[in-house]
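# An overview of the molecular structure
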Amino acid sequence: MTIKRDITTETEKYLETDEMLIFVGARQAGKTTILKQIQGELEVSGSLCYFLNLDDPQYLSLLDDHPRNLLKIFSLNLEVRNFIFVDEIQYLKDPSNFLKYIFDEYGGKIKLIVSGSSAFYIDKKFKDSLAGRKKIFHVNTLSFAEFLRFKGEVDLSHKDFDKVGLDEANKLDLLYREFMLFGGYPRVVLAPLEEKENILKELAYSYIKKDIYEANIKQEEVFYALFKILAGQVGNLVNASELANTLNVSKSSIDNYLYTMKKSYHIALVSPFFRNARKELSKMPKVFFCDTGLRNFFVGNMTPFELRSDKGQLLENAVFRQLTERYGLEGIRFWRTTARKEVDFIVQDKFAFEVKTSVGQFKNSKYDAFRRAYPEIKFSVVSIGATEKVLGDVTVIDPWQV
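Reference entry: report on the structure contained in this document.

Reading the values: rules and limits
Residues numbered from 1 in each chain as written. Predicted model: local features only at pLDDT ≥ 70, side-chain atom pairs only at ≥ 80, totals over all residues. Heavy atoms only, no water. Pairing = 2+ DSSP bridges. Helix = DSSP H or I, 4+ residues; strand = E, 2+ residues; numbered from the N terminus. Contact = heavy atoms within 4.5 Å. Axes fitted to C-alpha atoms, helices over the stretch in contact; angles between N-to-C directions. Salt bridge = Lys/Arg side-chain N within 4 Å of Asp/Glu carboxyl O. Buried < 20%, exposed > 50% of the residue type's maximum accessible area, 1.4 Å probe, protein only. Core = buried A, V, L, I, M, F, W, Y, C linked by side-chain atoms within 4.5 Å. Lys, Arg positive; Asp, Glu negative; His and termini not counted. Polar contact = N/O pair within 3.5 Å; in protein donor to acceptor, adjacent residues only side chain to side chain.

## Concerning the sheet that holds strand β11 (residues 378-382)
- Sheet architecture is open: 6 strands sit in the order β8-β9-β10-β11-β13-β12, paired in mixed fashion. Pairing within the sheet leaves two strands with one partner each, and these edge strands are β8 (332-336) and β12 (390-391).
- The pairing of strand β9 (residues 342-347) with strand β10 (residues 351-355) spans 3 bridges and is antiparallel. What sits directly across from phenylalanine 345, in β10, is phenylalanine 353.
- Against the sheet, helix α17 (residues 311-327) contacts β8, β9, β10 and β11, and its axis sits at roughly 20° relative to β9.

## Some thoughts on the environment of leucine 203
- Within the secondary structure layout, leucine 203 lies in helix α11 (residues 193-214).
- Sequence-wise, leucine 203 and alanine 240 are 37 residues apart; in three dimensions their C-alpha atoms are separated by 25 Å.

## With respect to the pattern of salt bridges
- Across all of its chains, the model carries 27 salt bridges by this definition.
- For glutamate 146, the salt bridge goes to arginine 5, with nearest N and O atoms at 2.9 Å. Linking glutamate 146 in helix α7 (residues 144-150) with arginine 5 in the segment before α1 (6-11), this pair joins segments that are 141 residues apart in sequence. Just as glutamate 146 is buried, arginine 5 falls in that class too.

## Some thoughts on the nonpolar core
- If you look at the biggest cluster of nonpolar residues, it comprises 85 residues, and the most contacted ones within it are Phe23, Leu99, Leu112, Ile113 and Phe298.
- Excluding residues within four positions of it along the chain, phenylalanine 23 makes contact with Ile7, Thr11, Lys31, Ile34, Leu35, Ile38, Ile113, Val114, Ser115, Gly116, Phe137 and Val139.

## With respect to the pairing of strand β1 (residues 20-25)
- In terms of burial, β1 is largely enclosed, as 6 of its 6 residues are buried.
- As paired elements, β1 and strand β5 (residues 134-139) share 6 bridges and run parallel to each other. When the bridges of β5 are listed, valine 24 appears paired with histidine 138.
- Bridging between β1 and strand β4 (residues 110-117) involves 5 bridges; their strand directions are parallel. By the bridge assignment for β4, isoleucine 22 is matched with valine 114.

## Some points on the sheet that holds β5
- Ordered in space as β2-β3-β4-β1-β5, the 5 strands form an open sheet in which the pairing is parallel. Looking along the sheet, the strands with just one partner apiece sit at the ends: β2 (48-53) and β5. Averaged over all neighbouring strand pairs, the angle between strand axes comes to 15°, with direction disregarded.

## Quick look at the side chain of glutamate 88
- Within the secondary structure layout, glutamate 88 lies in the loop between β3 (82-87) and α5 (95-106).
- One buried charged side chain, glutamate 88, makes no salt bridge at all; its nearest oppositely charged neighbour is arginine 27, positioned 4.8 Å away.
- Polar side-chain contacts of glutamate 88 include one of 2.9 Å to the side chain of glutamine 90.
- In this structure, glutamate 88 is in contact with Asn53, Leu54, Asp55, Ser115 and Ser117, ignoring residues within four places of it in sequence.

Right, dumping it as structure tokens:
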């Protein structure tokens, strides 16, 4: 029995609509499992379900020849609704044509639920917007709440983290440190401690290699070198020209590599927040990894949190990941002035979060300029293991509370 993902629950209200459901995300993030979970729940209710994996070259060839060949693969009763699950849709020569054809010709009779790795690959092949025909779900590696369920802490995962007791808070603290260190790839979370790093290595050098191949990137060693540089620079500004000089390649190559990493759900670039462009504008984004375990592997450091020299970077990346789960990437920015005053995260123009590994590092006066300029934005400090929960008029919260 698989552990139910949050996104599986989220899709339930879309199962009776006509629009096709498309799941995109990093390889090994759990897309196939999610499709299987949805299929299982539909079959329990008596729905007709069929599953097709396009890793199979025979099926792939048939559908590339013509989308209607789907009816040669499955004997469908078109008097009733059929749910067809297609895994690895990006392998089709023209996936958008396939999806559009099935929707337009068999709408109401065939509902497609499909997955695709490497969103950059799908982007380039989707020649039609499929407007009004699709609902896209972005599959991340496990959230902290999902991580807790995978660790057997089901009751704890459903708690209001603002209202837990001391013993529960201590347990959350220990588990979050593990989550920061090894990340949220399902296989990694479920593996014994001694196997986790080897699985991360397999993800890095086997599955990411497929992203490189499908993006038609020729300089694989440069791509991996860039991964390692970015892993050491999480939370810092990304200067593509400097990276190009460091790696002795063109800036356009770096831009292409960053695009591929983003569309493969390995990194995210966060834009600056500003209202006074002359004083605040920083054109360069900040970089974060979508999974801290993969980040730690590429930086070459699987040391426990307390013993690390990069605690600040790792905690900031973990908080970023937590924020994306709650607010989505689009609502997250950072504040930085030309005088280099900074606030780590501005969320939906309503909340500001400054990340500190120790609350003793926090100096209220450093943030006076921001708080005077934006008094309507609620300002908080995020730290882990802090006993002080108030610093003057600023609240201190744990990362799992953001």
